[in-house]
Structures are given as structure tokens and as C-alpha cells.
Amino acid sequence: MGMDLKLNAMNQITKGTVIFQEGDPVGAIGLVVKGRVEVINNGVKTTIGTGSFVGLCDLGSDMYRVTYRSYDDVVLFAFTAKGTEAIERIMAANQEYGSLMVISLNKYIKELGKIYRALVQEAEDIFSFSF
């Protein structure tokens, strides 16, 4: 289970703390103000940092699809968020949040692409080793 965040406020999170747990109901997203957060799913980990949103990809689902854990001591601003309509509300609060959301998603997609290519290479290496 993820931690209890103060919503619509800054949160100080110590290293190694689970922020959002895979399978928990989506109720918030966060903006990393300081530090780094690990995104973990099925044994695959990637790290996102300052200026990135956590939980944004999960808004279209009822549950978090990945686990978010603080890699360092983290400062996170937590937004109340249920469903994709939360994006419009958050962007209305500050226009820069929309840009940060797009940048966050682009970085995340880039990291997933690197992981995918590395897994494909590993599979090819294993396949060629077996013959």
C-alpha cells in the first residue's frame, strides 16, 4: 500500500518509501519537485526525476498500474486526481503543468523504449547462444 499523502500540498518523502502501489486505487498524482522516483513493474525499473509527474499514466485506470518508490529523499506536490478530467483541472491551476506533463510522458516513453530495446537484445543473445 502506498503512503498517505497530504493532497494539494508538498510532501517530504524519505528514500525507499512506496508513494503509489501497483493495484491500489488511483486517487492522486504527484509532481516531483526534488529528488528521483523509481517506476517499477514486473521486475523492470526506471527512474524519473525533478519536474516529472508520477501517476499520470494511471489516470485512465481505476488502479495504479506500476509502483512508484522514492529513489532519494523526495519532495512531491500531490494533486487530488480521479479520472482523466483531473488533467484539465490541474492544467487550469497552472499552465506550465501541461508542458511538464507532456515532457514527463515523453521522457517516460523514451526510457521504456530503451528498456524494450535492451530486452530484445537480451532475447536475441539468448536465442543465438542456444544454437
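Structure: above.
Residue numbers restart at each chain and count upward from 1, following the sequence in its written direction. Confidence filtering applies because this is a predicted model: local features only for residues at pLDDT of at least 70, side-chain atom pairs given and counted only at 80 or more, and all residues used for totals across whole chains, interfaces and linings. Remark: hydrogens and water are excluded; side-chain values derive from all non-hydrogen atoms of the structure.

A. Seen up close, empty space enclosed by the protein. Cavity and pocket criteria rest on a 1 Å grid covering protein atoms alone: a 1.4 Å probe that fits but cannot get out defines a cavity, protein on both sides within 12 Å along at least 5 of 7 lines defines an open pocket, and an atom within 4 Å of a point defines a lining residue. Grid points are joined across faces, edges and corners, and a volume is the space filled by probe spheres set on the points. For the structure shown, the criterion picks out one cavity of 30 Å³ or more. Volume-wise, the largest cavity comes out at about 90 Å³. What lines the largest cavity is simply Val39, Ile48, Ser52, Phe53, Gly55, Leu56, Cys57, Tyr68, Ser104, Leu105 and Tyr108. Here the lining of the largest cavity takes three residues from helix 2 (residues 96–129), the largest share from any one element. Amino acids outside the nonpolar list (Ala, Val, Leu, Ile, Met, Phe, Trp, Tyr, Cys, Pro) and the charged list (Asp, Glu, Lys, Arg) are all regarded as polar, and Gly is one of them. Broken down by class, the residue content of the lining of the largest cavity amounts to eight nonpolar, three polar and no charged. Under the DSSP-based scheme used, a helix requires at least four consecutive residues in state H or I and a strand at least two consecutive residues in state E, with every element numbered from the N terminus.

B. Up close: the layout of surface pockets. Estimates place the volume of the largest pocket at around 230 Å³. Lining the largest pocket are 15 residues, and of these Gly2, Met3, Asp4, Phe20 and Pro25 lie nearest its centre. Counted by class, the lining of the largest pocket contains ten nonpolar, three polar and two charged residues.

C. Expanded view of the pairing of strand 5 (residues 44–48). Where strand 4 (residues 37–41) meets strand 5, five bridges bridge the pair, whose relative direction is antiparallel. Counterpart to Ile40 in the pairing with strand 5 is Lys45. Hairpin connection, strand 4 to strand 5: the antiparallel pair is bridged by two residues, and Asn42 has positive phi, about 50 degrees. Strands are labelled as partners when DSSP assigns at least two bridges between them.

D. Spotlight on the sheet that holds strand 4. Here we have four strands laid out as an open sheet, ordered 2-7-4-5, and antiparallel in their pairing. Every other strand in the sheet has two partners, leaving strand 2 (18–20) and strand 5 as the edge strands with one partner each. Neighbouring strand axes in the sheet, compared pairwise and without regard to direction, differ in orientation by 30 degrees on average. Note: strand 2 against strand 7 (residues 67–70), two bridges, orientation antiparallel. By the bridge assignment for strand 7, Val18 is matched with Arg69. Sheet strands touched by helix 2: strand 4 and strand 5. Its angle to strand 5, the strand with the most contacts, is close to 145 degrees. Angles here are taken between N-to-C directions and fall from 0 to 180 degrees, while the axes themselves are lines fitted to C-alpha atoms, restricted in helices to the stretch in contact. Throughout, a residue-residue contact means that at least one pair of heavy atoms, one from each residue, lies within 4.5 Å.

E. Quick look at the packing of aromatic side chains. Between the rings of Phe, Tyr and Trp (Trp by its six-membered ring), a pair exists once the centres lie within 6.5 Å; its type follows the angle of the planes, with under 30 degrees stacked, over 60 edge-to-face, and the other angles tilted. Counted according to the given criterion, the structure contains six aromatic pairs. Ring geometry for Phe20 versus Tyr68: centroids 5.9 Å apart, planes at 90 degrees, classification edge-to-face. One end of the pair, Phe20, is in strand 2; the other, Tyr68, is in strand 7, with 48 residues separating them in the sequence. Neither residue differs from the other here; Phe20 and Tyr68 are each classed as buried. Relative to Tyr97, the ring of Phe53 has its centre 6.2 Å away and its plane inclined at 85 degrees; by these criteria the two rings are edge-to-face. Separated by 44 residues along the polypeptide, Phe53 in strand 6 (residues 53–54) and Tyr97 in helix 2 bring together distant segments of the chain. Under the relative-accessibility criterion, Phe53 is labelled buried at 5%. Using a 1.4 Å probe on the protein chains alone, a residue whose accessible area is under 20% of its type maximum counts as buried, one over 50% counts as exposed, and one in between counts as partly exposed.

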